[in-house]
Amino acid sequence: MTAAAGARSRSRRRRRSWPRRGARSRTSSWSSRSSTGRPCTSARSESRSLAYAREQHKQVPAAIRKLQETLQQTSGIADELSGRVRKLDAVCGRVGEALKLQAAQYVARFRASQDALPPGTDEASVRVLREAEAQLSALVRQRFEGAMAAKDSAGVSRFAKLFHPLGLAGEGVQKYVEFIRKSLAEQCALEFRQLAPPSFGKKVDAEPMPYEKAIRSVYLAIADIVQEHQESVENEFGPENFIVVVRGLLDEVDVQGIRVLERFFKDNAKVFQQQATEMQEVGAVLDETAVITQRTQQFDTYIRNVAEGVVELIADKEVFVKSLPQGYNEQDGLPQLSKLVHRVQELVSSYPAACEQSFLLRSVEKAIRAPDSLDPNDAEQLTTTLVDDAFFVMSTSLGRSISSCEINAVCAMVNHVNAALGGELKSALVRNLSESKSSYSNWVTYPQNLAPAERGQHPLATLFVDQEGRPRASLTAADSWPHALNDLQQCVGYVDKLRGGAFDEWFPSEGPDKDKRVMFEHCIGTLDATKVELENEHAKHCKDGLNLLKKHLQRTLVPLDTLDYDIDEAQYNDYQVNDPFARSFSAQAEVLHAHLRSVLNPASCDEILSQMAEQTCRRIEKAALSKRFSLFGALQFESDVRALCSFFTSVSEQALRHKFARLFEMSSLLSLEGVEELRDICGELRSWRLSPEEIRTLLEARTDFDATQRDLNMLLPA
């Protein structure tokens, strides 16, 4: 150790040992300073640490933003790189496909020119090309089979394009069809397995028409296949080969559709064998039958329209037609009738037609047997529920058959409806009229019952009570003749609705099935005969109703029998003031009309008024041919005829003036003042409704007419 170092060491030891002098007080003083100075030093240290941390914290957001920017840049680079890789992969794929297609095209060129090779062509080169053709064909078949096994639709489509240039177009189309049919069969198998066995019953959330849904899925799948593959097949194989594809699809539709159809009829055998008792169940099955038939007809029309459009693109139609198998249609290249359509027609004509007939008759009978509702408190309800219920059943059955698009089923149902209409329903309506006639006849005898009802009261209120004045319960049309007559007239009006627009909707006049309209129109014509029968029945019972009411008119007709028309001017003036016949008759007829209008529908009311006018005219005609007339009497007769005609034409919606035509001719003849007027009227070219004998009788009845028998013989027809 050097001297200086030794000196420094001694000096430090001396400084450390220096506090020994006066140790107690100095130590105590040092300890006191040390205990108060330590916390101040620690606080300053922590304050510096917090300040540093605060500065670091301020730099964190900037660091985060920088990190985000870095990550975004990295992500963008990664996306760009992966995009380039994908593009490269796609380009490589297209290059590979192009190479294969180019190779196939080279082979196609070779195949097209090998028969025209010049002499001396290198056999080795030809052999190499043939080997290449064989290898490429084998590779294409292998890859195509692999794509089919893997259910790779894109791969199948891609490799199918290579068959045509390799001279394997027919084989390619067949394999293509095989793949499509296999895919379709697998898809249909899933739908078929969802059809629950009948022993399990229907689930609450089950489809309302599961079999229709299953068969519809087949048709929709075919439509999707056509839309997806038609263009590519036509471009690669030609239109004529797409017809082959369509035939294959149609064959698969036959297989899958008939499978569903047979299952449907098997599972619902109880209904089709007419052993089901629940009408709701029968109706549901028949509804589904109609929709299945409709879907089948619509699909058949669709696929044939597609095929017709393809056939139009074929260049050599003659070759195509000659290549068609026997029984195939030249317009679409398809069978005249597919197996599925044929099977649907067989089943519909054998089972549902008989089942529909039974269902219709049972439903109509049920509607007839069920008490028809008549509300005694509702004056606006002129009919009961009988006709509405029966026609609902008939229109539903007819509409269901029309929606099936099967014309034979439609015509059969029209015949069934017509039979029910003219049979069970007509008998029920006539029976109600017969049963209600007696009570109404007694009730209408009392004039007070014909008086207008009080406000809020039914016009037939007193008819609906028993002998003790208590309202009768469960009223039907058999208790009210007016309601029964209204039901019959309503039935007549509803016949036209059965002929309505439902058929025009499914079989339009310019549609593909327009030829079927002729058969339907011929069949629907049978309803016209039934309608005429119902109209005659209605007119007959309106006449009965008039006979029930006519007793109230007899009093006003009595003066007609004794009325003297051989009067002078003074009597004529008295008749004008105190009308002896027409005015009182019109007043009583107005009371009857008011009653009829309150309880009958307008058609029935007008029919009774028409018959009343006709019978009144005949009664007046008969009276006029038996009376003597003066000129003033003839004028009074004409005034009476005009007053009655005015009344009837004013209260009826029908044209009734023609019923007074004979009476107006009578008044014209009776009002002639001399032979010259007779000569003028007989010289006119007119067709008389009166017979020559009636004309002569009227003219001879004039007491103040100056025509002689010679004049009458000359002027009147023999």
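None of these values were measured; they are calculated from a predicted model.

1. A few points about the overall build of the chain
Line of reasoning, step 1. Summing up its helical and strand segments, the chain has 27 helices and zero strands in all.
Line of reasoning, step 2. Here the chain holds 718 residues, and the buried ones make up 42% of them.
Line of reasoning, step 3. About 40000 Å² of surface is accessible on the chain, with carbon and sulfur atoms providing 52% of the total.

2. What to know about the packing of aromatic side chains
Line of reasoning, step 1. Inspection of every chain in the model, using the stated rule, returns 14 aromatic pairs.
Line of reasoning, step 2. Summarising the aromatic geometry, the rings of F391 and Y494 are spaced 5.1 Å apart at their centres and angled 75° between planes, so their arrangement reads as edge-to-face. Of the two residues, F391 sits in helix 13 (residues 386-403) while Y494 sits in helix 15 (residues 481-498), which places them 103 residues apart along the sequence.
Line of reasoning, step 3. The buried category is assigned to F391, whose relative accessible area is 5%.
Line of reasoning, step 4. In this structure Y494 comes out as buried when scored by relative accessible area, which is 17%.
Line of reasoning, step 5. An angle of 40° between the planes, with centres 6.0 Å apart, marks the rings of F581 and F585 as tilted. Here F581 and F585 have matching classes, each one buried.

3. Notes on the nonpolar core
Line of reasoning, step 1. The biggest cluster of nonpolar side chains holds 107 residues, and the ones touching the most others in it are F391, M394, F637 and F660.
Line of reasoning, step 2. Ignoring anything within four residues of it in the chain, the contact list for F637 reads Y565, I620, A624, F629, L663, M666, S667 and L670.
Line of reasoning, step 3. Within the second largest apolar cluster, 54 residues are counted, among which are I215, V226, F320 and L334.

4. Quick look at the environment of E435
Line of reasoning, step 1. The topology assignment puts E435 in helix 14 (residues 407-444).
Line of reasoning, step 2. Judged by relative accessible area, E435 falls into the partly exposed class, the value being 47%.
Line of reasoning, step 3. The spatial distance from the C-alpha of E435 to the C-alpha of D479 is 7.4 Å, given a sequence separation of 44 residues.

5. A look at the pattern of salt bridges
Line of reasoning, step 1. By the definition in use, this model includes 23 salt bridges.
Line of reasoning, step 2. Between R343 and E346 there is a salt bridge whose closest N-O contact spans 3.1 Å. Pair noted here: R343 and E346 are both in helix 11 (residues 339-350), with a separation of three residues, about one helical turn.
Line of reasoning, step 3. Residue classification places R343 among the partly exposed residues on the basis of a relative accessible area of 24%.
Line of reasoning, step 4. A salt bridge links R642 to E638; the nearest nitrogen and oxygen atoms lie 3.1 Å apart. Remark: E638 and R642 occur in helix 23 (residues 631-651); sequence separation between them is four residues, near one turn of the helix.
Line of reasoning, step 5. Residues joined by salt bridges that share partners form a network here, namely E212, R216 and R295.

6. Focus: the side chain of S671
Line of reasoning, step 1. Relative to the helices and strands, S671 is located in the loop between helix 24 (661-670) and helix 25 (675-683).
Line of reasoning, step 2. By relative accessible area, which is 18% here, S671 ends up buried.
Line of reasoning, step 3. Among the polar contacts listed, one links the side chain of S671 to the backbone oxygen of S667, at a separation of 2.7 Å.
Line of reasoning, step 4. Among residues more than four places away in sequence, those in contact with S671 are L631, A634, L635, E638, E677 and R702.

7. A few points about the confidence of the model for the chain
Line of reasoning, step 1. Overall, the predicted model of the chain reaches an average pLDDT of 79, with 75% of residues at or above 70.
Line of reasoning, step 2. Within the chain, the lowest mean pLDDT, 41, falls on helix 1 (residues 3-17), and the highest, 95, falls on helix 22 (residues 602-624).
Line of reasoning, step 3. Across residues 1-39 the pLDDT falls below 50, and counting only partners more than four positions away or on other chains, this stretch makes five contacts in the model.
Line of reasoning, step 4. Low pLDDT (under 50) marks residues 197-205, which in the prediction has three contacts with non-local residues, meaning those over four places away or in another chain.

8. Thoughts on the packing of helix 14 against helix 17 (residues 516-524)
Line of reasoning, step 1. Here helix 14 crosses helix 17 at 5°, and the two axes come no closer than 9 Å. Taken together, the axis directions place helix 14 and helix 17 in an arrangement best described as roughly parallel. Note on element contacts: helix 17 touches helix 14 through K516, M519, F520, C523 and I524, opposite I407, N408, V410, C411, V414 and N415.
Line of reasoning, step 2. Residues of the contact of helix 14 with helix 17, tallied by class, amount to eight nonpolar, two polar and one charged.

Here is what the cut-offs are and how they apply
- Residues numbered from 1 in each chain as written.
- Predicted model: local features only at pLDDT ≥ 70, side-chain atom pairs only at ≥ 80, totals over all residues.
- Heavy atoms only, no water.
- Helix = DSSP H or I, 4+ residues; strand = E, 2+ residues; numbered from the N terminus.
- Buried < 20%, exposed > 50% of the residue type's maximum accessible area, 1.4 Å probe, protein only.
- Areas by Shrake-Rupley, 256 points an atom, 1.4 Å probe, with all protein chains shown as cover.
- Phe/Tyr/Trp six-rings, centres within 6.5 Å; stacked < 30°, edge-to-face > 60°.
- Core = buried A, V, L, I, M, F, W, Y, C linked by side-chain atoms within 4.5 Å.
- Contact = heavy atoms within 4.5 Å.
- Salt bridge = Lys/Arg side-chain N within 4 Å of Asp/Glu carboxyl O.
- Polar contact = N/O pair within 3.5 Å; in protein donor to acceptor, adjacent residues only side chain to side chain.
- pLDDT = per-residue confidence, 0-100.
- Axes fitted to C-alpha atoms, helices over the stretch in contact; angles between N-to-C directions.
- Parallel < 35°, antiparallel > 145°, perpendicular 65-115°, else oblique.
- Nonpolar A, V, L, I, M, F, W, Y, C, P; charged D, E, K, R; others polar.

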